[in-house]
Structure formats: structure tokens, C-alpha cells
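One-letter residues, chain by chain:
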Amino acid sequence: MSPLIQLTDVRKIYNLGEVQVEALKGATLTIDRGEFVALIGPSGSGKSTLMNTLGCLDRPTSGSYLLDGQEIVSMTRDQRAKIRNSKIGFVFQNFNLLNRTSAIENVELPMLYSGGISARVRRMRALEMLDKVGLGDRGHHHSSQLSGGQQQRVAIARALVNTPSILMADEPTGNLDSKTSKEVIELFQKLNQEQTITVILVTHDQAVARNATRKIVLRDGEIAIDTTDTQLAQETLNSSQ
Amino acid sequence: MRLLDSIRIALRALLKNKMRAILTILGVVIGIASVTTMVSIGQSASMLVQSQFQALGTNVIVIFPGSQRGGGVRQAPVQTLTATDSRAIAEECPAVLASTPLVGASGQVIYGNSNWSPRDMFGVGEDYPLVRNWPLQSGGFFTRREITSNAKVCVIGQTLVAKLFQTANPLNETIRVKNIPFRVIGVLAKKGASMVGDDLDDVLLMPYTTVRKRLQGSSFNSVNAIMVSAKQEDQMVEATDEITQLLLERHGISIGQSADFLVQNTTEIAAILGIVTGSLTMLLAAIAGISLIVGGVGIMNIMLVSVTERTKEIGIRMAIGARGRDILRQFLIEAVILSSIGGIIGVSLGVAMSTAATMLINYSSSGADWPIVVSIPAALGAMGFAAMVGIFFGYYPALRASRLDPIEALRYE
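Computed from a predicted structure; not experimentally measured.

1. A few points about the overall build of chain A
Item 1. When helices and strands are counted, chain A shows eight helices and 10 strands.
Item 2. Taking all 241 residues of chain A together, 46% fall into the buried category.
Item 3. Taking all contacts inside chain A whose residues are at least 6 apart in sequence as the whole, residues at least 24 apart take part in 66%.

2. Examining the overall build of chain B
Item 1. Counting its secondary structure elements, chain B contains 13 helices and 14 strands.
Item 2. Counting across all 413 residues of chain B, residues that qualify as buried make up 43%.
Item 3. Summarising the internal contacts of chain B: among those between residues at least 6 apart in sequence, 82% fall at separations of at least 24.

3. Structural notes on unusual backbone geometry
Item 1. Positive phi, close to 45°, is recorded for Asp9(A), a residue that is not glycine.
Item 2. Along the polypeptide, Asp9(A) turns up in strand S1 (residues 5-16).
Item 3. Judged by the 13 C-beta atoms lying within 10 Å of it, Asp9(A) is partly exposed.
Item 4. Residues other than glycine seldom take positive phi values, yet Lys178(B) does so here, at roughly 50°.

4. A look at the sheet that holds strand S2 (residues 19-31) of chain A
Residues and elements named next belong to chain A.
Item 1. Spatially, S2-S1-S4-S5 is the arrangement adopted by the four strands of the open sheet, whose pairing is antiparallel. A single partner strand is all that each edge strand has here, and the edge strands are S2 and strand S5 (70-71).
Item 2. Bridging between S1 and strand S4 (residues 62-67) involves five bridges; their strand directions are antiparallel. For isoleucine 5, the partnering residue across the bridge sits in S4 and is leucine 67.

5. Quick word on the confidence of the model for chain B
Item 1. Looking at chain B, pLDDT values average 83 and 92% of them are 70 or higher.
Item 2. Here the prediction assigns the complex a pTM of 0.67, and the interface score ipTM is 0.92.

6. Side note on the interface of chain B and chain A
Item 1. Chain B puts 18 residues into the contact, and the matching count from chain A is 20 residues.
Item 2. At the level of secondary structure, the elements contributing two or more residues to the side of chain B that touches chain A comprise helix H1 (3-16), helix H10 (311-319), helix H11 (324-364) and helix H13 (406-411) of chain B.
Item 3. Among the elements that line the side of chain B that touches chain A, the one with the most residues is H10(B), at four residues.
Item 4. Class assignment for the residues of the side of chain B that touches chain A results in 10 nonpolar, two polar and six charged.

7. Digging into the environment of Pro94(B)
Item 1. Take Pro94(B): it is sitting in the loop between helix H3 (83-92) and strand S4 (96-105).
Item 2. A C-alpha to C-alpha distance of 9.9 Å links Pro94(B) and Ile243(B), two positions 149 residues apart in sequence.

8. Topic: the pairing of strand S13 (residues 225-230) of chain B
All names here are of chain B.
Item 1. The element S13 is largely enclosed, with a buried count of six among its six residues.
Item 2. Because side chains alternate across S13, one face comprises the buried residues Ala225, Met227 and Ser229, and the other comprises Ile226, Val228 and Ala230, equally buried.
Item 3. Sheet topology note: the strand S1 (residues 60-65)/S13 ladder contains four bridges and is antiparallel. Within the sheet, the bridge partner assigned to isoleucine 61 lies in S13 and is valine 228.
Item 4. Relative to S13, S4 runs antiparallel, the two being bridged by six bridges.

9. Section: the sheet that holds strand S8 (residues 198-203) of chain A
Residues and elements named next belong to chain A.
Item 1. Taking strand neighbours across the sheet as the criterion, the six strands line up as S6-S7-S8-S3-S9-S10 in an open arrangement whose pairing is mixed. Only two strands of the sheet have a single partner each, and these edge strands are strand S6 (88-91) and strand S10 (222-227). Averaged over all adjacent pairs, the angle separating strand axes in this sheet is 20°, with direction ignored.

10. Description of the nonpolar core
Across soluble globular proteins, nonpolar side chains have a tendency to be buried as a group.
Item 1. Core analysis: the largest hydrophobic core is formed by 118 residues, its most contacted members being Leu39(A), Ala157(A), Leu167(A) and Leu201(A).
Item 2. Setting aside chain neighbours within four positions, we find Leu39(A) in contact with Lys47(A), Leu50(A), Met51(A), Ile200(A), Leu201(A), Val202(A), Ile216(A) and Leu218(A).
Item 3. With 56 residues, the next largest nonpolar core counts Leu81(B), Val103(B), Cys154(B) and Met236(B) among its residues.

11. Considerations on the packing of H3(B) against helix H8 (residues 236-250) of chain B
In a packed pair of helices, the relevant descriptors are the angle between the two axes and the axis-to-axis distance.
Residue and element names in this part refer to chain B.
Item 1. Running from N to C, H3 and H8 cross one another at 130°; their axes reach a closest spacing of 10 Å. By the angle class used here, H3 and H8 are oblique. Seen along the crossing, H3 lies across H8 with a hand that is right-handed. For the pair H3 and H8, contact is made by Asp85, Ala88, Ile89 and Glu92 and by Ile243, Leu246, Leu247 and Arg250, respectively.
Item 2. Taken together, the residues of the contact of H3 with H8 break down into five nonpolar, no polar and three charged.

12. Examining the packing of H1(B) against H11(B)
Residues and elements named next belong to chain B.
Item 1. Axis separation between H1 and H11 bottoms out at 9 Å; the angle between their running directions is 65°. The hand of the H1/H11 crossing is right-handed. Of the residues in H11, those touching H1 at Ser6, Ile7, Ile9, Ala10, Leu11, Ala13 and Leu14 are Arg329, Gln330, Ile333, Glu334 and Ile337.

13. Brief notes about the environment of Ser165(A)
Item 1. Along the polypeptide, Ser165(A) turns up in the loop between helix H5 (148-160) and strand S7 (166-170).
Item 2. Spatially, the C-alpha atom of Ser165(A) lies 6.2 Å from that of Thr198(A), the residues being 33 residues apart in sequence.

14. So, the pairing of strand S9 (residues 214-219) of chain A
Residue and element names in this part refer to chain A.
Item 1. Of all six residues in S9, five are buried; the element is thus mostly enclosed.
Item 2. As paired strands, strand S3 (residues 36-40) and S9 are joined by four bridges and run parallel to one another. Looking across to S9, one finds that alanine 38 is bridged to lysine 215.
Item 3. Looking at chain direction, S9 and S10 are connected through five bridges and run antiparallel. Bridged to leucine 218 within S10 is isoleucine 223.
Item 4. In this antiparallel pair of consecutive strands, S9 and S10, the connection spans two residues, and aspartate 220 shows a positive phi of 50°.

15. A short note on helix H3 (residues 103-114) of chain A
Item 1. Counting buried residues in H3(A) gives 11 out of 12 residues, a clear majority hidden from the surface.
Item 2. Listing the buried residues of H3(A) in full gives Ala103(A), Ile104(A), Glu105(A), Asn106(A), Val107(A), Glu108(A), Leu109(A), Pro110(A), Met111(A), Leu112(A) and Tyr113(A).
Item 3. Next to the buried residues of H3(A) lie helix H2 (77-87), helix H4 (119-132) and H5 of chain A together with H1 and H11 of chain B.
Item 4. Of the residues one or two after H3(A), Gly115(A) is the one with positive phi, at around 75°.

Thresholds, definitions, all that
Residues numbered from 1 in each chain as written. Chains lettered and ligands numbered in written order. Predicted model: local features only at pLDDT ≥ 70, side-chain atom pairs only at ≥ 80, totals over all residues. Helix = DSSP H or I, 4+ residues; strand = E, 2+ residues; numbered from the N terminus. Buried ≥ 20, exposed ≤ 12 C-beta atoms within 10 Å, placed from the backbone. Contact = placed C-beta atoms within 7 Å. Pairing = 2+ DSSP bridges. pLDDT = per-residue confidence, 0-100. Nonpolar A, V, L, I, M, F, W, Y, C, P; charged D, E, K, R; others polar. Axes fitted to C-alpha atoms, helices over the stretch in contact; angles between N-to-C directions. Core = buried A, V, L, I, M, F, W, Y, C linked by C-beta atoms within 7 Å. Parallel < 35°, antiparallel > 145°, perpendicular 65-115°, else oblique. Left-handed = near helix turned anticlockwise from the far one by under 90°.

What follows is the structure, given as C-alpha cells:
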């Protein structure tokens, strides 16, 4: 069986007028199903670019990205949108829920864009998902009426409602206190272990990264180290700072 | 994504920001309402102008008898027109509304101890009020029967009422013309002065047969003129041609021979009328067009602001799988919903405003009698235009929304 993610010599060059910035300088990477990966690196290291590329939000300048055996680099915007909808779930630092919209409606949103799911089924699945993240009784609350941790759990429910193969989390605990952070990370671990969802976590927080089984440290647009050893990852990170 | 879901999303998005939605709708409402009002009032004014011109006789054609040429010798004018010609014109010319013979008379009119010489004394047919578009204020007009029986009845104008009767009711009173008693059976409505200043209400009308037989003691069947009205102003030329053709035929005049009659119409006045109403319509159409464009630009403006304001939302939707066309559709549907609601409200408001405005004009200036016109084509056109404005002016902002880069959009605060 082919790996879930196969990245080969992926480069990303941003053209800022006269200056060209090379955010990714040829990243090669393989991630299998069921892994829990942390992308670590200081700001400007290219971890956001890598995450956007892996999340099919952005297209690399060159290289190859096979997701589930499908080449993403040559896809159109609409094709990538479809991949994002069906295979990837996003969780963001600032939750990115639609405001003035209830939790249920937020969770229903990805199903709306998949099409062919009746309103009744959408509602049912949204409620089920909210139940799973422990918010079954908060479905009709608007995001402004929920705490940060609750909002992030709604976002996780939204990310998981289309049963994606990858859960991408960009600094998911960045806006949360340490106790809630721990809960969210535990939820990720549970999802990873019980439902074998591949989790890719972008963070600069060592404490968060420790929970991942595999750590990829980025530095100046290159992969500095790819290890399961927390200690080694930390040393590499520290030496680059 | 299904259309129904798109509509639902658009509706939810609109309801989330009611104030913005209401303001956008308001812009459309003002545009559409002003169009409907303007066009309705304009049509009302144009109808008023038209009816007033008609009262002056823009659709009237007069046929005079002419001299007959025979063998190069010009003969004295002969009386060539008859009442039968008049009837034939009314019956056989499709562009003709009505026709009446006209016999001139003059003399003094006596009632009690007052007397007066009317400016116009005519013997006419029963269709005279129709030809002149001149309604009666009271009483009735003489009928075909009274004409065939040379009845001694008459209808008088407002000036005669004032001169002879002062405040008394003239109906069924008897006046004398050349010592012949005439019973007043009707009073004409006030017409005012003609374009050259003649008092049109200084008139006495009698059956043309009575004038011929009793006042003039003539046994001739001829009349002094035939007065004809065309069905529409723009049928004047058509009617003139038809009448000429018919009379040439009836009088047995072949091609090449000169006619024994003269057809005179008021095409010049009709042309002026055409220019007046035409430019009025043009002016109103221009104003209406401008207000619609203003309304449309208003929609575009708010939609553009809305797209910018909702960049983040668009980014979130794109990240979780909305395609460009899903976003385009959502914003387009929003624009169409807003403009359609605005259109419906605008048309209703426009109808109400034009009715109110017309009533106000009639109330505030005495004597004004603007017809209340609700222009259905203008209303329907404005509604259709509203939806089109939504699509047209909503398309650009929607397209911009759909082309956003999801990463940029997500980063937007």
C-alpha cells in the first residue's frame, strides 16, 4: 500500500515583486496512515508553507505531492477544493468558525459543499459529531457564546464530519490556556489512536509537539530533522534558534 | 452543491447581517420606486397633454367644397358636399372615428329681453360632440330622429348661458333665432379659448337640417363643410388619404381631374404634440434610467464592501471545500434576493407614490385633472430590471469573492 502522503522535492517560491523568497527549498517527506506528526520550527522556517501545501490550500512551485496516490500539484483550484472537502479536516489557531452561526450549522458546513447529503442526514451527523467532542448540548449556541476550548472542539467536529483521512491542525492550542490545550491534545491523541486518523500538527510549542509520535523540525525552508526522538528534535530546534 | 442549499446559505448570510441587507434593499427600493413613480406621473402628464391637445382638435379634419373645373373654364364654387358624403366617410373610412356635416348660420338669439349674436352658429349632425371631443355639461345632444324631422332644438355653449340666462337654468327654455323658437336641450361643457384666442364657448348648435330648411329655407342638400375626427393623432395622414379616395370615387372624379373638394387637417399641431409628448417621454426615461443605475451601483458598492468584510468567511468556506463557483453562486444569489425584494417593495411604493402625487397635484392646483396612471409595463420592467441589476452588479463582487486565494482570505482580519 502506497503511503498517504508522498512529497518529493517540493519547492515554493513567493514572488514579491523584485524579491523572490524561497519558502520551501526542496522538501521530501513520506507520511503513512495513522501517524501523529508534529511540524516544528521557528517563524519563517517554512512550516506554514509546508502545512498549506500538505493541506492542498496552496500549490507548490515545483515538485510532486501525491496524496492517496493522487497528484495534487497538477490539480485545478476546484479539484483541490474537492480534495480539501473530502480528505482533509482543518483546525486553526483562531478556530475560524463562522460567527453569528450556531455550532450545528458550522459543523454542517463541509457536508453542504460535498453535495448530495440531505438536510436531515446533515443535521444528524453534525449532532453526532458534536456529541463526540463533548458538545452535544451546545449545538444551538453561537460561537460567541462558547469558550475558546469549546470553540476549538466545534472546529474539530467540523474538521472530522466528512471523515477525512488527515486532520491538519495549525497551532491548535495557540489561543487556549494550558488546561484546555491539554484536553484538545488528548482529543487529538484519542482520534489518532482509536480511529487511526492521521494527525499533522503545526506548532512551535515543545509541550504540544511532545505528544506527537514523529517530529519534523524545519529550518530555513528545509527539513532539519525528522525523528521520533523528542530530545533530538528539541536540540535541533534550539540549535537553530 | 444543490441550488436549494445555495439559496439557504445565501438567506442565512443575509439574515446574519440584517442592517446591511436592509440598506442594500433600500437602495434598490429608491431606484425602482422612483422609476415607477416617474414613468407613471410622466404618462399621466403625457395623457393630460394629449387630451388637451385633442380638445383643441388635433385629430380633426375639415373638408370644404371646392370649385369644379370643366373644360378649362373655372366655374363658380358649387356646393358639392352633402350629408350623405359625411355619413359615407364615417362608415367607410377605417381611420375615421366620426364625421358630421356643418352648415353655417348667423343671426341674433333672443331670450326674454336679452339678445346676443353668437360668434359661431352651426347646423351640425348628431356626432358633433364626438368629432370635437366636446362633452355636454347638462342635458343631451340632438339625435338622428331630431335631425330627420328638422326639429327645432338647440344646444348652447357656456358663453350663451352667461349672456342670455345668467343664473337661470337654460334647459327646456325656448330661445328665438330669426323668430323661430328653439328649445334648449343641452349645454356644452366649457372649452375655453382656441389657440388664436377665439371664444369657443360662444356657440349655438342646431340640427343641420333645421338650419337648411327652416332658417335658410333652402331645398339644397349640400353642406358648407364636413368635419371628421381621426381615431388617433397618428392616423391623420391615413384618414386624409382614405377620405380623399372615397370622395373622389363618390364624386366620379377620375385621376388627372382636379378634386371638387379640399381636405384640410391639423397635421402641424399634431406634429408639435408629437414632439412635446416625445420629449417628455425621453426626459422621463433618462431620469428613470439614471436612478436605476444609481440603485445598481448601490448594490455593487454594498456587495463589494460585503465581500471585503467577509473575506475571512470566504476563506473558511474555501478551506473546508467550497469551490469558486459555490462562492460565486452564494454571492450572486444574495444579490438577486436583495434586488428582488427591493424590486417588489419599490414597485409597490412607486405605485402608491404616483397615485398620491397625482392626487396631490389635482388637489393643490384647482382645475388640474391629471388622470391616475399606474404604468404596468414600467412596474414589470422595473422588477425585471431589479433582478438583472442584482445579477449584473452582483456579478463582479461575486467573481472577486470566488477568485480569492484561500490562504490570503484566511489570514485576513
